[in-house]
Each structure stands twice: as C-alpha cells, then as structure tokens.
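Breakdown of the fold
Now for the letters of each chain:
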Amino acid sequence: MLRGFRKFFQKHERKAFIILAIVTALAFGISPQLINMAGQDENPPGTIYGKEISESELRSIEIRWYNFTSYIAGYISKNPFVLAKAPHFSETGFQKWWDAQKEGEESIKGQYKSWQEAYFIKAFTLLNIAPFNLADYEEWWNDKPNKYSESLAKTIAVLTATADRLGIQVSDDEIQGFISSGLPFFRDQNTNQFSINYYRYSVEREIKLTQAGFEKTIEEWIKALKLSTFRQEGEFPSLQELFSQYILNNEEAKIKWAAFNPDEYKSKVNIESAEELEKYFRDNMPAYVVPDKLQAEYIIADYTKLKETIREPTPEEIKNYYDKNLEEFKITDSTPVTPTATHKKLEEAQEEIKLKWKELEAKSVAIEKTAEIKQRIDILLIKQKPVDMEAIAKEFGMHYEKTGFFSKERVNEITEAMGGSAAFAEQAFEYEKDIISNPVDCGKGQLIFKVLEKKVTYNPPFTMAIKEKVTRDIIKMKSKQAAENDCKELRTKITASFTEESQAISGKTDEEKTRLEAEIKLRLFESVLKNKGTPINQSSWVKRGGAVPEHEEIDADFLDKALLMETGDYTMTESKGVYYLVQVNAKRPPAAEDFDSQKPLLENEWMTKRNDDFNEKWRVEIKALVNNMLPPPPAPQEQESKK
C-alpha cells in the first residue's frame, strides 16, 4: 500500500507542491489574531451534500491549517533553495517564484492596505492556483479581515466532503508514506533521511499540533490531491476529434463577400421634419445630458524643479544613505540552487546615491513648502481675507495653474498633467466651491487645489448646437439601419431562390445533393448581388487565424467565423460597424501526412482547453458550496412550530 501511494505521489508531485505552495502563501497573510477572530463568529452548523458540519469542526480545520502553514512559511524562509532541489518544482518555476519574492514587495506594497494582504494576493497571483483565481482571494480578503482563513477552512471541508461522497479513501500507510517520502521537512540534515524523532518533535513543538491532528491535516491534503486526479484524469481526445481540429486549424478557403458600409448611405438619408429631431432628442435624452463639471486652480511644488535647487550631499550623507539602504545596491548572480548575493561598493554607487538623495530631499522640501503655503492660506481664511492662489504661488516660488471646466470623464487628462496619481481625480468632485484642499501627492509633486466653479448635471435646451448633434446622430442611426436592411434583403432573396430551386434535386443521393446544393448557392450568391449592382470581393486562399492581405477590412475574427461554413454556405455578419454578406466559395483540406507532426501540439491544446474549462466549472461549483455551506433561516411556519 505504501509503495502504491509513493507511486501516486511521484506521479502527481507537481500538484502536491502547488497545494503546498497554496498553504505556504496563506501563512504570510494569516495572523493568530485573525484566527481568534474567526472563532468568535457563532454561526449555526452548516451542511455539505446533506452532511452536517459544525462550527467547532470548521474551527478545528482552520487552526490546524493555520499552524501547519505557519510552520511551512518559516521552513521556506530559512531553506528556500532546498525546495528547488526537489522534483516538485522545476528550476525555471522556482526561479520565477524566487525572483517574485525579491521584487514583489516594492512593486505591489502600495496597492493594498497592509503588507500581509499584499503578500497574500501576490502569492496567489504568481502561483495561478486552480480551481480558484485572484478575484476569489481578493473577495475573501475584502469581505472581512479573516474571511480568507475562514474560506480556506470551508474549502478544505468541501473538498473533503466531496472526496468522501465519491468514496475516495486515505489509509494510514498512505499518510505515513506521504509524510516520510513526500515532505522535506522531517529529514535529518546529515543523512537527508526521514527521522521519526525529528518528525514528532517538529509536530508537537514547532507546528504545535498533536500527531493525530497533524495527520488529519495530511489526510485532508491527500484527499484534495486524489480528488483533483479523480476528476481530471481519464478523459482524452479521440483520434477523430484531434483530426477534426487539425482540419479546422489548417484547411484553406476562398471567400466572397459584399460590404454594406453605413457611411455610404449617409447621403441618401432624409430628415422628415423638425418634429422628428425633437422627438429623437426627447427619446434619447440620456445621450445629451450635460454631466457634472468643475473648474479648479492649483499650486504645485514640482519635485523635478525642486531637485535642481538641492545641494550636493556630503560624503557623510552619502555613507549614511548607503548604510541605511544597502538592499537597494544588491547584485544577485544566482541559480535557484546556488545563490550568491553581493552589493555595489560605496564608490561604485556614489552617483546613484546622489540622485536618490536629491530626490528624497526634493520631496522633503516640497512637503515643507506646501505645509507653509497651507498654513498661510488657513490664516487668511481665519481672518476672513481673500485667498489669491496665484499670488501665493508666486510668493513661494511654486507653479500655479488654472484648469478649464472638465467632467469626471475628462478628469484623467488633468490628472496626467499632474503626474498620473489618482489623488486629485478621487478628491476633486467631492469638494464644494471655494474649498481649498490639504496638500496631496499627485505624482509630479505636492499639490494644493481649490474648486473655483461647479456645474451640476442638467438636461440641455434644444438649441441650434444640440439640433446639429441630433441631426448627425439620426443620420448615423438611419444609415446603419439602411445598410443592415439591404444586407438582410439580399440574404433573404438568395434563401428564397435557393428554397425554390433545391426542390428539383430532392430525389438525389446525399453526396449528389450536397454537391448540387453548393453549386446552386454559389450561382445564386453571384447572380442576386450582380442584379442588385452590389460589388463582390474575393479573397485568395486563406485559413483560420490568418489575414487577407488584399483586403485590410477583413480581420482574423471575421475570417474565423466565415471559415466555419462549408462551400456554398453564406451568412450575414457585422465587423467594425460594417455589415457583410459573406460566402465560402471553395475549400481545400491540408495534407493528411502533416497530421502526425502536429498531433502532439493538438493534444496539448485540447487538454489545456479541457482543463481550463474543467477548472472554471469546478471553481464555480466549489465556491458555491463554500458560500452556501450555512443553511438558510427556517421558513416562518417552521419557526412557529418550534415555538
């Protein structure tokens, strides 16, 4: 039995490590305080597949997995490259993971409320863990601080219950084999062999679980692995399915089409009366509503300009900066197994330090300057004296700017000019007229702004300018309708003629009937369009995912849809606002002998798509079970009966 499970683990060791990585990442985001908070929620017992699970059971799962993940996190922090030597994780995969740890903090730290949250979210993003995705973990986190640990416990409960329902069992031998052979944590450092004494010591003293509690956690982990294997394996594409996909990907076709561009109909559109304009205006009022707008003025202490005024740092200041920020000058030359890290020497980093030091000093000066400016403004307001923002900016040697009126839709244009920070965009429309902001970091510098005027949303009168816009909109709408109607009319005419002519071949064999129907469709498509005077375009031989060099208006999406049809088939489609009546004029299959060379790629594509579809379906299923684990409140009659 032990040997059988070892084979199972070896076969699925990558999946095992991914689950290990899940719980490792969780450890960086879960604190004992949050675990304690989770236990304070006195929810009623829930059910999974009709099986009752109590709050105390969920609490037990939560604590066990928290203790286990805390231990793993500490182990990896001390022995990160030990894991790279194991077959669980490829060298490339581990290097990606390791690089992410080095650069992840600064790149994402500012996006989240705390470092624990940032690491938690980043870890799951990097690992791309199925069946859940990043949005699920963010939802867990944002719901309430301890939601992710609570949801993890519920997820483990759901996976375990699902495995039990399917009859998936884990023996004691499997658990012991997994611990002794599959985990690197309990090996003697000298012999690299599993040590029962070290195992017992680690579980009781470091993981802080009973041996039974730890082995229960491992049992749940193995069940999750087996469940994933049970649900995903055993389904493979047939040779016919692969060959059909090969044909679809590689067959070539020639297509014919007629284009119906609304722009070509504009000159034929008539506006019947002034009443038509007014009615369209009233019926489509939301399109003409003038949104909230405001005008603002601001003073900005520009970091770049201030940096030009900053003196050179002294040797002592350079040395202090270097010592305090040594990590900025780390040079890593490593492989996942043998990392070596050095630092730039002080002499080599001097010019870089000077620039960084000046940047920090410039920001410090900007903060001081805007604090002084705001103090001056506040004193003027207390004394009920007018505040001349432009004059104050000039007095302090800062830049002054006055904006035009802008709406929320255009606020990003103003924000970009300020340095790209969203601070102004988030605050501007919250301020009333004549209110002056506190200093904010706008990316380019420290900013103080004042709202000069506000215009609220209103329905505009039917002025001449509005009439012109309404006229353009009606012409655009009618042109689109005319183009669509012409396209539909010709398609209907071809179909009616085909229905009539195809009656004459009703007694033919299937093969003859297919050939004759294609010939009739090809002839009718050509004749009906020519009789109408509609230009017909034709492509060269093309295939899916390609392009038609002679006709730039035919994009890959348009082409892919057209190539799903058989010879003679026609359809109506829209692309980039233009309507098309399109027909497959001829098809030719790829060389059959090329199938063998493409078969491995086709199998991989098929399995990837199947697994993606499976994971998404399973993700939704598990998430629904987790979210709906607790039963709904009893119906009124049930409550009455209980009374």
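In what follows, the accompanying structure is described. It should be emphasised that the depicted structure is a prediction, and the values quoted were computed from it without experimental measurement.

A word on the overall build of the protein. Across its full length, the protein carries 25 helices and 14 strands. A total of 643 residues make up the protein; the buried ones form 41% of that total. Pairs at least 24 apart in sequence give 71% of the contacts found in the protein among residues at least 6 apart. Of the roughly 36,400 Å² of accessible surface on the protein, a fraction of 50% belongs to carbon and sulfur atoms.

This part covers the side chain of R64. Structurally, R64 is set in helix α4 (residues 55–78). Aside from chain neighbours lying at most four places away, what touches R64 is L209, G213, K216, T217 and E220.

In this section: the environment of I255. Mapped onto the secondary structure, I255 falls in strand β3 (residues 252–260). Through-space distance from the C-alpha of I255 to that of Q583 is 5.6 Å; in sequence the pair is 328 residues apart. The contacts of I255, once residues within four sequence positions are left out, are N537, Q538, S539, F558, L559, A562, L563, V582, Q583, V584 and N585.

With that out of the way, let us pick up the packing of aromatic side chains. Tallied over the entire structure, the rule returns 16 aromatic pairs. Between Y321 and F329, the ring centres sit 6.5 Å apart and the planes meet at 70°, which makes this aromatic pair edge-to-face. According to the relative accessible area criterion, Y321 is buried, its value standing at 9%. Three or more aromatic residues joined by ring pairs form one cluster here, namely F406, F424, F429, Y431 and F449. Above the face of the Y265 ring, K268 is positioned so that its terminal group lies 5.2 Å from the ring centre.

In this section: the pattern of salt bridges. Under the defined criterion, the tally for this structure stands at 28 salt bridges. In this structure, D164 engages K223 in a salt bridge whose closest nitrogen and oxygen atoms are separated by 2.6 Å. Residue D164 is found in helix α9 (residues 147–165), and its partner K223 is found in helix α12 (residues 211–232); the two are separated by 59 residues along the sequence. On the basis of relative accessible area, D164 is assigned to the partly exposed category, the value being 32%.

Counted at 1.5 Å a residue, the expected span for helix α17 (residues 346–382) with its 37 residues is 54 Å, and the 51 Å between its end C-alpha atoms agrees. Roughly 40° is the biggest bend found in α17, and it falls at E352. Restricting attention to buried positions, one finds in α17 the residues A349, I353, W357, K358, A362, A366, T370, I373, K374, I377 and L380. Buried residues along α17 sit against β4 (293–302), α15 (303–307), α16 (315–324), α18 (389–395) and β10 (445–455).

Turning to the environment of A287, a few remarks are in order. Residue placement: A287 occurs in the loop between α14 (274–283) and β4. A287 gets classed as exposed once you look at its relative accessible area, which sits at 56%. Between the alpha carbons of A287 and V470 there is a distance of 9.8 Å; along the sequence they are 183 residues apart.

What follows is about helix α21 (residues 464–501). Over its 38 residues, α21 extends 55 Å from the first C-alpha to the last, a length consistent with the 56 Å expected when each residue adds 1.5 Å. Regarding α21, the residues found buried are I466, V470, I474, S479, A483, C487, L490, I494 and F498. The secondary structure elements touched by the buried residues of α21 are β3, α14, α22 (510–532), β13 (570–575) and β14 (578–588).

Our next topic: unusual backbone geometry. Positive phi outside glycine occurs at K208, with the angle close to 60°. For K208, the position within the fold is in the loop between α11 (196–206) and α12. Positioned with a positive phi, K576 is a non-glycine residue whose angle comes to about 55°. On the accessibility criterion, K576 (67% relative accessible area) is exposed.

Alignment of β13 against β14, held across six bridges, turns out to be antiparallel. Its bridge partner being in β14, T573 is matched across the sheet by Y580. Connecting β13 to the next strand, β14, in antiparallel fashion are two residues, including K576 with a positive phi near 55°.

Procedures and definitions
Note on numbering: residues in each chain are counted from 1, in written sequence order. Only residues with pLDDT of at least 70 are given local features in this predicted model, and only at 80 or more are side-chain atom pairs given and counted; all residues enter the totals for whole chains, interfaces and linings. Heavy atoms from the whole structure form the basis of all side-chain values; hydrogens and water molecules are not counted. Secondary structure elements follow DSSP: runs of H or I no shorter than four residues count as helices, runs of E no shorter than two count as strands, and numbering proceeds from the N terminus. Whether a residue is buried, partly exposed or exposed follows from its accessible area with a 1.4 Å probe, protein chains only, as a fraction of its type maximum: under 20%, in between, or over 50%, in that order. Contacts: residue pairs with any heavy atoms within 4.5 Å of one another. Computed with the Shrake-Rupley method and a 1.4 Å probe, the accessible areas treat only the protein chains shown as cover for residues. Each aromatic pair joins two rings of Phe, Tyr and Trp (for Trp, the six-membered one) with centres within 6.5 Å, and gets the label stacked for planes under 30 degrees apart, edge-to-face for over 60, and tilted for any other angle. Criterion for a charge above a ring: Arg CZ or Lys NZ at most 6 Å from the ring centre, at most 35 degrees from the ring normal. By definition, a salt bridge exists where a carboxyl oxygen of Asp or Glu is found within 4 Å of a side-chain nitrogen of Lys or Arg. Multiplying one less than the number of residues by 1.5 Å gives the expected span of a helix. To get the bend at a given residue, fit one axis to the seven residues ending there, fit another to the seven starting there, and take the angle between those axes. Two strands pair under a simple rule: DSSP has to find at least two bridges between them.

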